[in-house]
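Each chain, letter by letter, is given below.
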Amino acid sequence: MVPHDNCGVTDRAGGVASLLIYPIVAAPVRGLLFDGAQIPVDRLPEIQAPTLIFGHPGDAMHPLRSAELLRASVPGASLQVAPSAEHWKPNPDQFSELVASFVKGDSSRTNC
């Protein structure tokens, strides 16, 4: 294993082995996932910035239900639901169009 970009570890064949090797990454992830740190969901309605949320079914770490709750809690938030985690890899133009439309304030775009 050799360090790669200070973000993860790459094995000698070039595949990413783990991001949790580095303490600078591991501590915040452990804090959020395992130490019971709570996200102040009662304050989500205070968010006034335009918010774009992406989700997909079958995500164990970020369940689609969480994305739906965020959408319901953040005023004016937009939720884009992909059919799978792999959807954006072969469809980068669609992803870019959704983000560009969001940034431009075009709410006429619909889910994937």
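In what follows, the structure referred to is the one given above.
Residues numbered from 1 in each chain as written. Predicted model: local features only at pLDDT ≥ 70, side-chain atom pairs only at ≥ 80, totals over all residues. Heavy atoms only, no water.

Thoughts on the pairing of strand S5 (residues 78-81)
Relative to S5, strand S4 (residues 52-55) runs parallel, the two sharing 4 bridges. Note on S5: the bridge partner recorded for Phe-54 is Gln-80. In this view, the connection linking S4 to its parallel neighbour S5 by way of helix H2 (residues 64-73) has right-handed handedness. (Pairing = 2+ DSSP bridges. Helix = DSSP H or I, 4+ residues; strand = E, 2+ residues; numbered from the N terminus. Right-handed = clockwise from strand over helix to strand, strands pointing away.)

Considering the packing of aromatic side chains
Here the structure, examined in full by the defined rule, presents 3 aromatic pairs. An angle of 65° between the planes, with centres 5.2 Å apart, marks the rings of Trp-88 and Phe-95 as edge-to-face. Counting every residue linked through ring pairs, the aromatic cluster contains Phe-54, Trp-88 and Phe-95. (Phe/Tyr/Trp six-rings, centres within 6.5 Å; stacked < 30°, edge-to-face > 60°.)

Section: the environment of Ala-82
Relative to the helices and strands, Ala-82 is located in the loop between S5 and helix H3 (92-104). Separated by 13 residues in the primary sequence, Ala-82 and Phe-95 place their C-alpha atoms 9.7 Å from one another.

Digging into the pattern of salt bridges
This structure, assessed with the given rule, holds 3 salt bridges. Notably, a salt bridge pairs Glu-46 with Arg-43, separated by 2.9 Å at the nearest N-O pair. Judged by its relative accessible area of 47%, Glu-46 is partly exposed. For Arg-43, a relative accessible area of 48% puts it in the partly exposed group. The partner of Glu-68 in a salt bridge is Arg-65, with the nearest N and O atoms 3.7 Å apart. Of the two residues, Glu-68 and Arg-65 are both situated in helix H2; the distance of 3 residues between them amounts to about one turn of the helix. (Salt bridge = Lys/Arg side-chain N within 4 Å of Asp/Glu carboxyl O. Buried < 20%, exposed > 50% of the residue type's maximum accessible area, 1.4 Å probe, protein only.)

Quick look at the side chain of His-87
Examined against the element boundaries, His-87 turns out to sit in the loop between S5 and H3. On the accessibility criterion, His-87 (15% relative accessible area) is buried. At 2.7 Å, the side chain of His-87 forms a polar contact with the side chain of Gln-94. (Polar contact = N/O pair within 3.5 Å; in protein donor to acceptor, adjacent residues only side chain to side chain.)

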